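Working through the structure, step by step
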Amino acid sequence: MISYYLGLSLFLFIIFIVLLFYISQAIAMIFFKVPTVGTPKKNLIIINDLLPKNELTTFFDLGSGTGKALFFFSKTHPKINFIGFETSIFAYLYSNLKKIIFKRQNVSFKFKNFFNFSWQKADYIYTYLWPSLMTRVETKFIKETNPKCVLFDSAFKLPNLTPKQILDKKRPCLYLYQKD
Ligand SMILES: C[S@@+](CC[C@H](N)C(=O)[O-])C[C@H]1O[C@@H](n2cnc3c(N)ncnc32)[C@H](O)[C@@H]1O
């Protein structure tokens, strides 16, 4: 009898978590119009190889989802301070749980709209977003970031700036932007 109730409780808990996931996805989609999908590994590998190993720098992931990109980069770059911004509560909580499990000191997540936070401190920025957001991303990138700041952009180009490099032409494409 006890095992029956335990099994039932576990089942209901899993249903609850799955529902929570879809509800938080739906809310994030309604307000921010971007699904929580992790970057394909091919793009992560390219970016990872370009990041400095021995410099103390700051990396922003604008829309960090479940933290896939940041956990990948931070494994081999302990000197970089990785900060993820996320508005989906489930993705944010899940990322923090992963941070505790993996004991990754150099990664943190903010439950914040990245348009309402200064990008001045970023040396590197990463985006894997949605076409409708790219004009605002471009405006803030031009206005706020330091001249050396590098923007890695998966999938959807900035509307006006020409990429300094196209790092991968296979979809989702990967672009590198720098103002200088
Ligand atoms: C396609 S996912 C990218 C996930 C992550 N960058 C990765 O590659 O593993 C985009 C995420 O951006 C989040 N997002 C969209 N607009 C946002 C905003 N203004 N502020 C914070 N997060 C946002 C969405 O909730 C979604 O989880």
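Our structure is the block above this text.
Residues numbered from 1 in each chain as written. Predicted model: local features only at pLDDT ≥ 70, side-chain atom pairs only at ≥ 80, totals over all residues.

Now for the overall build of the protein chain. The helix and strand inventory of the protein chain stands at five helices and seven strands. For the protein chain, the N- to C-terminal ordering of α and β elements is α-α-β-α-β-α-β-β-α-β-β-β. In terms of overall dimensions, the protein chain has C-alpha extents of about 70 × 35 × 30 Å along its principal axes. Expressed as a percentage of its 180 residues, the buried residues of the protein chain come to 32%. (Helix = DSSP H or I, 4+ residues; strand = E, 2+ residues; numbered from the N terminus. Buried ≥ 20, exposed ≤ 12 C-beta atoms within 10 Å, placed from the backbone.)

Moving on to the sheet that holds strand β2 (residues 81-85). With mixed pairing, seven strands are arranged side by side in an open sheet as β3-β2-β1-β4-β5-β7-β6. Edge positions in the sheet fall to β3 (107-110) and β6 (165-168), since each has one partner strand and no second. When strand polarity is set aside, the average angle formed by the axes of neighbouring strands in this sheet is 20 degrees. Two strands pair when backbone bridges link them, and strand β1 (residues 58-62) and β2 are joined in this way by five bridges, in the parallel orientation. Bridge pairing in β2 links Phe 60 to Ile 83. (Pairing = 2+ DSSP bridges. Axes fitted to C-alpha atoms, helices over the stretch in contact; angles between N-to-C directions.)

Further remarks concern the site of the ligand. In the vicinity of the ligand, 24 residues are found, and the nearest of them are Thr 36, Thr 39, Gly 63, Gly 65 and Lys 68. At the level of elements, α1 (2-32) and α3 (68-76) are the ones that each hand at least two residues to the shell around the ligand. Class assignment of the residues belonging to the shell around the ligand gives a composition of twelve nonpolar, nine polar and three charged. (Near = placed C-beta within 6 Å. Nonpolar A, V, L, I, M, F, W, Y, C, P; charged D, E, K, R; others polar.)

Let us now look at the nonpolar core. Ranked by internal contacts, the top residues of the largest apolar core, which has 32 residues, are Phe 60, Tyr 124 and Ile 125. Breaking this core down by element, the ones donating at least two residues are α2 (41-50), β1, α3, β2, β4 (124-127), α5 (134-144), β5 (150-154) and β7 (174-178). Examining the composition of this core, we find that four residues originate from one element, α3, more than from any other. Setting aside its immediate chain neighbours within four residues, Ile 125 contacts Phe 60, Leu 62, Trp 119, Cys 149 and Leu 151. (Core = buried A, V, L, I, M, F, W, Y, C linked by C-beta atoms within 7 Å. Contact = placed C-beta atoms within 7 Å.)

With that out of the way, let us pick up the packing of α2 against α3. As a packed pair, α2 and α3 sit with axes 10 Å apart at the nearest point and diverge in direction by 35 degrees. Crossing geometry of α2 relative to α3 is assigned as right-handed. Between α2 and α3, the residues in contact are Leu 44, Ile 47 and Asn 48 and Ala 69, Phe 72, Phe 73 and Thr 76, respectively. Looking at the contact of α2 with α3, its residues break down into five nonpolar, two polar and no charged. (Left-handed = near helix turned anticlockwise from the far one by under 90°.)

Here we take up the environment of Val 150. Among the structural elements, Val 150 can be located in strand β5. Overall, the presence of 22 C-beta atoms within 10 Å leaves Val 150 in the buried class. Sequence separation between Val 150 and Tyr 124 is 26 residues; the distance between their C-alpha atoms is 4.8 Å. Setting aside residues up to four positions removed in sequence, Val 150 forms contacts with Tyr 124, Leu 176 and Gln 178.

Time to look at the pairing of β7. Relative to β7, β5 is paired through five bridges, and the arrangement is antiparallel. When the sheet's bridge partners are listed, Val 150 is paired in β7 with Gln 178. Across three bridges, the pairing between β6 and β7 is antiparallel. Bridging across to β7, Gln 165 finds its partner in Leu 176. Where β6 folds back onto β7 in an antiparallel hairpin, the turn is made up of five residues.

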